[in-house]
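So you can see what is in the structure, the chains are spelled out below.
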Amino acid sequence: MVFYFKARPEAGDFTIFMGLDKHENEDLIKYGFPEDIWFHVDKMSSAHVYLRLNKGQTMDDISEGVLEDCAQLVKANSIQGKLCMLSLFLFYSRNKANNVDVVYTPWHNLKKTASMDIGQVGFHNPKMVRTVTVEKRINEIINRLNKTKVERKPDLKAEHEVVDTAERTEKKLQLRNKKRQEEMERLEKEKQAEMRSYKGLMVSENMTSNKQVASTNKSLQELEEDFM
């Protein structure tokens, strides 16, 4: 099961989502989109929250309001799934704790190795990881987000394959167009070079007029001999 939320509408049409438990988190890690930004409480157990940006956008395009929505949702869902008494205590402690650090990074920067537990991730490039501090829980934000909450059980693999196929098709089209443009530019350069060469042959310094021929006072036979 995956939970979907809508970020504050004044910031644009952005979807925030997270898995029910570590198994859904594992699938979200595996079948993410290039536009996904991953959020998690730093150095603590928490929900894996994702923000889906519009195509072409990066982390730099996330507004402060949307960033706050994502960070608040992570803090409010610090532990997912079945809770023991200790986990329940930790959940409420982290949920009510102040000054919680939330890290976020693009989905493609998530690193998964065979030795990692289910739901556990690392980073390919730690420099691409950013941190935002949540000073305290803001119930107004959490209540607003929960009102938009929708539960679905999507085929994440199929959705990923559709997007992946579209991306490959677009890249092939771009490559084809690039090669076509390069070929047109090459032909145009050859055409321009040929025209310059032709103009060079036609300049007056390289041409002999009939008047110049007559002024030499040479006979036709002499001119033919000079030519030969």
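Structure shown above.
First things first, this report covers the structure right here in the doc. Note that the structure is predicted; figures quoted are calculated from it, not measured. Per chain, residues are indexed from 1 in the order of the written sequence. The predicted origin of the model limits local features to residues at a pLDDT of at least 70 and limits the giving and counting of side-chain atom pairs to 80 or more, whereas totals for whole chains, interfaces and linings rest on all residues. Derived side-chain values reflect all non-hydrogen atoms in the structure, with water molecules and hydrogen atoms excluded from consideration.

## Considerations on the pairing of strand β5 (residues 100-106)
Along a regular strand, successive side chains alternate from one face of the sheet to the other. Where we set the bar: Each residue is assigned to one of three classes by its accessible area relative to the maximum for its type, calculated with a 1.4 Å probe on protein chains only: buried under 20%, partly exposed between the two thresholds, exposed over 50%. Only DSSP runs of H or I covering at least 4 residues are called helices, and only runs of E covering at least 2 are called strands; the numbering of each starts at the N terminus. Two strands qualify as a pair provided that DSSP identifies no fewer than 2 bridges between them.
The buried count for β5 comes to 6 of 7 residues, which makes it a mostly enclosed element. As judged from the 5 bridges shared by strand β3 (residues 36-41) and β5, these two strands associate in the antiparallel manner. The residue of β5 that forms the bridge with Ile 37 is Pro 106. Alignment of β5 against strand β8 (residues 130-134), held across 5 bridges, turns out to be antiparallel. Directly across from Asp 101, in β8, lies its bridge partner Thr 133.

## A word on the packing of aromatic side chains
Just so we agree on the cut-off: Between the rings of Phe, Tyr and Trp (Trp by its six-membered ring), a pair exists once the centres lie within 6.5 Å; its type follows the angle of the planes, with under 30 degrees stacked, over 60 edge-to-face, and the other angles tilted.
Under the definition given, this model contains 4 aromatic pairs. Judged by centre distance (5.4 Å) and plane angle (10°), the rings of Phe 17 and Tyr 50 are stacked. Within this pair, whereas Phe 17 is found in strand β2 (residues 15-19), its partner Tyr 50 is found in strand β4 (residues 49-52), the two being separated by 33 residues in sequence. Tyr 50 matches Phe 17 in its accessibility class, with the two residues each being buried.

## Here's the deal with the nonpolar core
For the record, the criterion: Buried Ala, Val, Leu, Ile, Met, Phe, Trp, Tyr and Cys residues form a nonpolar core when they are joined through side-chain atoms within 4.5 Å. Only heavy atoms enter the contact rule, under which two residues are in contact if any of them lie within 4.5 Å.
Within the largest apolar cluster, 28 residues are counted, with the highest numbers of intra-cluster contacts made by Ile 16, Ile 37, Phe 39, Val 49 and Leu 51. If one sorts the elements of this core by residue count, helix α2 (residues 64-76) sits on top with 6 residues. Dropping the residues within four chain positions of it, Ile 37 is found in contact with Val 49, Tyr 50, Leu 51, Leu 53, Met 59, Ile 62, Tyr 104, Thr 105, Pro 106 and Trp 107. In terms of nonpolar packing, the next biggest core, distinct from the first, is built from 14 residues, Val 2, Tyr 4, Val 129 and Leu 156 among them.

## Section: the packing of α2 against helix α4 (residues 139-147)
For clarity, the cut-off: Axis geometry follows a simple rule: fit a line to the C-alpha atoms, using only the stretch in contact for helices, then measure angles between N-to-C directions, giving values from 0 to 180 degrees. Angle categories are assigned with fixed cut-offs, so that under 35 degrees is roughly parallel, over 145 is roughly antiparallel, 65 to 115 is roughly perpendicular, and the rest are oblique. Under the grouping applied here, Gly and all other residues not named as nonpolar or charged are polar, the nonpolar ones being Ala, Val, Leu, Ile, Met, Phe, Trp, Tyr, Cys and Pro and the charged ones Asp, Glu, Lys and Arg.
Packing of α2 against α4 brings their axes to within 10 Å, and their N-to-C directions diverge by 90°. As judged from the angle between their axes, α2 and α4 are roughly perpendicular. Touching Glu 68, Asp 69, Gln 72, Leu 73 and Ala 76 of α2 are Ile 141, Ile 142, Arg 144 and Leu 145, all from α4. Looking at side-chain class alone, the contact of α2 with α4 contains 5 nonpolar, 1 polar and 3 charged residues.

## What to know about the pairing of strand β1 (residues 2-6)
Within β1, 4 of the 5 residues are buried, which leaves it mostly tucked inside the rest of the structure. In this sheet, β2 lies alongside β1 in antiparallel orientation, the contact comprising 5 bridges. The residue of β2 that forms the bridge with Phe 3 is Met 18. Pairing analysis gives 3 bridges linking β1 to strand β9 (residues 150-152), with the strands arranged antiparallel. By the bridge assignment for β9, Phe 3 is matched with Glu 151.

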